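A closer look at the structure
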Amino acid sequence: MADENQFLLYATLMGVYITFFYDILRIFRRVIPHANFMVSLEDIGFWIYCSIKVFMLMYYESDGTLRWFAVLGALLGMTVYRKLVSPFFVKYLSLALKWVLGILVKSGKFLFRPFYKIGKRLAKSCAAASARAKRRKKERKRFLKKKLTFLGKVLKMVI
């Protein structure tokens, strides 16, 4: 009886763990928006991971036998966590992380502003140098064409 109670406790804690882990995924999605394809890949990875964890729990605690009270315990843990903790945890942690990320982005923009301006000037000077190089190449082509034309005429006169 004590082993079954312990197994029920582990199953309930597994339900809380699975829901907590999914909340972390939800917070990550709120802070950094994802495309639907990436959300699907994350969900597939999440469910594969969770199925392995549940299988390992069942394997070690009940020799691989599916016990319905364990399933009900996991559902109980998920439901209790989802109703009591999850709404506040997801809402406030995602708001806090968005706020921190916003501050980091703003401070990064402020700190790297001189480098941005230098990079912009460097890009302009590189573009100007590239345009000068193209003009010089055209001028060399015209010069060589004139010289070859002249040499061709001289060669004709000599022959």
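Coordinates for the structure precede this section.
Worth saying up front: this structure is predicted, and the values here are computed from it rather than measured. (Residues numbered from 1 in each chain as written. Predicted model: local features only at pLDDT ≥ 70, side-chain atom pairs only at ≥ 80, totals over all residues. Heavy atoms only, no water.)

1. Section: the nonpolar core
In this structure, Phe 7, Ala 11, Met 14, Ile 18, Leu 25, Phe 46, Cys 50, Leu 57, Met 58 and Ala 70 together form the largest nonpolar core, which totals ten residues. If you list the elements that add at least two residues to this core, you get helix H1 (2-31) and helix H2 (36-62). Sort the elements by how many residues they give to this core and H1 lands first, with five residues. Setting aside its immediate chain neighbours within four residues, Met 14 contacts Lys 53, Val 54 and Leu 57. (Core = buried A, V, L, I, M, F, W, Y, C linked by side-chain atoms within 4.5 Å. Buried < 20%, exposed > 50% of the residue type's maximum accessible area, 1.4 Å probe, protein only. Helix = DSSP H or I, 4+ residues; strand = E, 2+ residues; numbered from the N terminus. Contact = heavy atoms within 4.5 Å.)

2. Quick word on H2
For H2, which comprises 27 residues, the first-to-last C-alpha distance of 38 Å matches the rise-based estimate of 39 Å (1.5 Å per residue) to within 8%. Positive phi shows up at Asp 63, right after H2, with a value of about 55°. (Expected span 1.5 Å × (residues − 1).)

3. A closer look at the pattern of salt bridges
Counted under the stated rule, the structure contains four salt bridges. The closest approach of N and O atoms between Asp 43 and Arg 29, which form a salt bridge, is 2.7 Å. Of this pair, Asp 43 sits in helix H2 while Arg 29 sits in helix H1, placing them 14 residues apart in sequence. By sharing partners, the salt bridges in this structure join Asp 23, Arg 26 and Arg 82 into a single network. (Salt bridge = Lys/Arg side-chain N within 4 Å of Asp/Glu carboxyl O.)

4. Here we look at a positive patch on the surface
On the surface, Arg 132, Lys 134, Arg 135, Arg 136, Lys 137, Lys 138, Arg 140, Lys 141, Arg 142 and Lys 146 cluster together into a positively charged patch. The residue Lys 141 is located in helix H4 (residues 86-158) in this model. (Patch = residues over 30% accessible without salt bridge, like charges linked within 9 Å, V, L, I, M, F, W, Y side chains within 5 Å. Areas by Shrake-Rupley, 256 points an atom, 1.4 Å probe, with all protein chains shown as cover. Lys, Arg positive; Asp, Glu negative; His and termini not counted. Charge placed at Lys NZ, Arg CZ, Asp CG, Glu CD.)

5. Some points on the side chain of Thr 19
With respect to the helices and strands, the residue Thr 19 is situated in helix H1. Of the residues examined, Thr 19 reaches a relative accessible area of 9% and is grouped as buried. A distance of 2.8 Å separates a polar side-chain atom of Thr 19 from the backbone oxygen of Gly 15. Excluding anything up to four places from it in sequence, Thr 19 contacts Met 78, Tyr 81 and Arg 82. (Polar contact = N/O pair within 3.5 Å; in protein donor to acceptor, adjacent residues only side chain to side chain.)

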